[in-house]
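Residue-level structural notes
Listed below, chain by chain, are the residues.
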Amino acid sequence: VKLRRNQRNYICPGEKISERFIMTEPTATEKEKQKQIPADQSGRRTVPPNVSNTEEDEIPTMELTGGLMPRGVKLQDFLEVQEVNLFSREYEVNKQDHHTDKYYNIKLIVRRGQPFHIRIDFNRPYNPEKDQFWIEYVIGRYPQTNKGTYIQVPLVTELESGKWGAKITQNENNSVSLIIMSAPNCIVGKFRMYVAVLTPHGILRTRRNPDTDTYILFNPWCAEDAVFLDNEQERQEYVLNDLGIIYFGDPDKIRSRSWNYGQFEEGILDACLYLMDRAKLDLSGRGNPVKISRVGSAMINSQDDQGVLVGSWSNVYDYGVPPSTWTGSVDILLEYYSSKESVRYGQCWVFAGVFNTCMYEKVCNKNNILWHGRG
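Let me begin by describing the structure that accompanies this report. No experiment lies behind these values; they were computed from the predicted model shown.

In terms of regular secondary structure, the protein chain is built from seven helices and 17 strands. For the protein chain, the proportion of its 375 residues judged to be buried stands at 47%. Partitioning the intrachain contacts of the protein chain with sequence separation of at least 6 by distance along the chain shows that 66% fall at a separation of at least 24. Approximately 19300 Å² of the protein chain is accessible, and the part contributed by carbon and sulfur atoms is 47%.

Written as structure tokens, this is what we have:
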């Protein structure tokens, strides 16, 4: 048994991590993680790269001051979360307001810099004079506030544009309804959501629940987002349209064909997030549309990066599909996501079509690569 700091970032406002110590023995999971950290990253202040949206750390459901719960204390005496409703169906308010109702995905999908609604059901009525709770969003492993991978959303009386915040709109019976505002420059990806309650003996947190996972996307409807488009017709074309025309061929013989971008199809959003994981782009950089565009462009081609498509201009397509066979991005991205291997084969217009689908999900602007006639 050893004395160690509680290394979480999950603290209530004003509390110092250095003041909290607990007596504990490393768990099997912690021992395994220690083995996975390279020797050159084993320093006390060094945190391994956080490059995967899918990998995650275990978040404690109970963090007690002093490490032990006093005898006779009953957890049911404290405010406890019973259920969280994210209004994530395609016909409900969040997906309608955030233009994400076309996604074939039952999880909540919202766009950054724009408010969305949730409801929390507790075991008893919430009393703001004595009860304190907050909402947490976590992405990847090794969550850190300064990296944007751990977000503690404070309760505020008024939401401020450009800042994370949660405002209570209704407190009735055992239910509390809130509007949450996300920052317009936050990381884009799939976040895990928790509700934390402060008690006299420490913090009680909801268990890991995949049903409350929340996708946050870029927002071309938000003037504070770097990808903002001020023309509604362009937003309809470059963000919400899933069918289009691609031009290809030689300069003296230009042809066209239809292309199914398929950005709303089942599994495509996760496939695009996997592409960033495969490129090992640090999560802290995934709020920057320029970085994502550059990494996405490199990852479409299999050369050097083991990316999505193997190019071939030799008319030899053994062990694969001729480029002219493809009519959309969906089958290509889903095969790459499931097999973790580059798909054979593509040429310039195929690269362009798949890249556009990824940018639909990420940067929401495809107007610069609709025509590819050269390799």
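Further remarks concern the environment of Gln144. Position of Gln144 among the secondary structure elements: in the loop between strand S7 (132–138) and strand S8 (150–153). With 97 residues separating them along the chain, Gln144 and Val47 place their C-alpha atoms 9.7 Å apart.

Let's shift gears to a nonpolar patch on the surface. Residues Ile245, Tyr247 and Ile254 make up a contiguous nonpolar surface patch of roughly 290 Å² in combined accessible area. Mapped onto the elements, Ile245 comes out in strand S14 (residues 243–250). Residue Ile245 is classed as partly exposed on the basis of its relative accessible area, which comes to 41%.

To continue, consider the state of the cysteines. Taken as a whole, this structure holds zero disulfides when the rule is applied. As a non-bridged cysteine, Cys358 has Cys272 as the owner of its nearest cysteine sulfur, 3.9 Å distant. For Cys358, a relative accessible area of 2% corresponds to the buried category.

Relative orientation of the contacting elements helix H4 (residues 268–278) and helix H6 (residues 330–339) amounts to 55°, with a least axis distance of 9 Å. With respect to each other, H4 and H6 are oriented oblique. Viewed along their axes, H4 and H6 form a crossing whose handedness is left-handed. For the pair H4 and H6, the contacting residues are Ile268, Asp270, Ala271, Cys272, Tyr274, Leu275 and Arg278 in the first and Val330, Leu333, Leu334, Tyr336 and Tyr337 in the second. By residue class, the composition of the contact of H4 with H6 is ten nonpolar, no polar and two charged.

Here the focus is H6. All of the buried residues in H6 are Val330, Ile332, Leu333 and Tyr336. Note on H6: the residue one or two positions beyond its end, Lys340, has a positive phi of about 60°.

Further remarks concern the sheet that holds strand S9 (residues 165–172). If you trace the four strands from one edge of the open sheet to the other, you get S4-S6-S10-S9, paired in antiparallel fashion. Every interior strand has two partners, whereas the edge strands, strand S4 (81–85) and S9, have only one. When the angles between neighbouring strand axes are averaged without regard to direction, this sheet yields 25°. Looking at chain direction, strand S6 (residues 116–122) and strand S10 (residues 175–181) are connected through six bridges and run antiparallel.

Let us now look at the side chain of Asp121. Summarising the element assignment, Asp121 is placed in strand S6. Within the local environment of Asp121, its side chain forms a polar contact with the side chain of Arg119, the two groups lying 3.3 Å apart. Setting aside residues no more than four positions away along its own chain, Asp121 makes contact with Glu80, Val81, Gln82, Glu83, Asn174 and Ser175.

In this section: the environment of Thr206. Of note, Thr206 is situated in the loop between strand S12 (202–205) and strand S13 (214–217). Thr206 sits 124 residues away from Gln82 along the chain, and the two C-alpha atoms are 8.8 Å apart. Leave out the neighbours within four places in its chain, and Thr206 touches Thr61, Val81, Tyr194 and Val195. Separated by 3.0 Å, the side chain of Thr206 and the backbone nitrogen of Val195 make a polar contact.

Within S6, five of the seven residues are buried, which leaves it mostly tucked inside the rest of the structure. Alignment of S4 against S6, held across four bridges, turns out to be antiparallel. Looking across to S6, one finds that Val84 is bridged to Ile120.

With that settled, consider unusual backbone geometry. Generally, phi is negative for residues other than glycine and the peptide bonds are trans, each holding for most cases. Here Arg344 and Tyr345 are connected by a cis peptide whose omega angle stands at 10°. Take Tyr345: it is sitting in strand S17 (residues 343–346). A positive phi angle is found at His99, which is not glycine, with a value near 60°. With respect to the helices, strands and loops of the structure, His99 is situated in the loop between helix H2 (93–97) and strand S5 (108–111). Judged by its relative accessible area of 23%, His99 falls in the partly exposed class. Even without being a glycine, Tyr319 presents a positive backbone phi close to 60°. For Tyr319, the position within the fold is in the loop between strand S16 (309–311) and H6.

Parameters at a glance
- Residues numbered from 1 in each chain as written.
- Predicted model: local features only at pLDDT ≥ 70, side-chain atom pairs only at ≥ 80, totals over all residues.
- Heavy atoms only, no water.
- Helix = DSSP H or I, 4+ residues; strand = E, 2+ residues; numbered from the N terminus.
- Buried < 20%, exposed > 50% of the residue type's maximum accessible area, 1.4 Å probe, protein only.
- Contact = heavy atoms within 4.5 Å.
- Areas by Shrake-Rupley, 256 points an atom, 1.4 Å probe, with all protein chains shown as cover.
- Patch = residues over 30% accessible without salt bridge, like charges linked within 9 Å, V, L, I, M, F, W, Y side chains within 5 Å.
- Salt bridge = Lys/Arg side-chain N within 4 Å of Asp/Glu carboxyl O.
- Disulfide = S-S within 2.5 Å.
- Axes fitted to C-alpha atoms, helices over the stretch in contact; angles between N-to-C directions.
- Parallel < 35°, antiparallel > 145°, perpendicular 65-115°, else oblique.
- Left-handed = near helix turned anticlockwise from the far one by under 90°.
- Nonpolar A, V, L, I, M, F, W, Y, C, P; charged D, E, K, R; others polar.
- Pairing = 2+ DSSP bridges.
- Polar contact = N/O pair within 3.5 Å; in protein donor to acceptor, adjacent residues only side chain to side chain.

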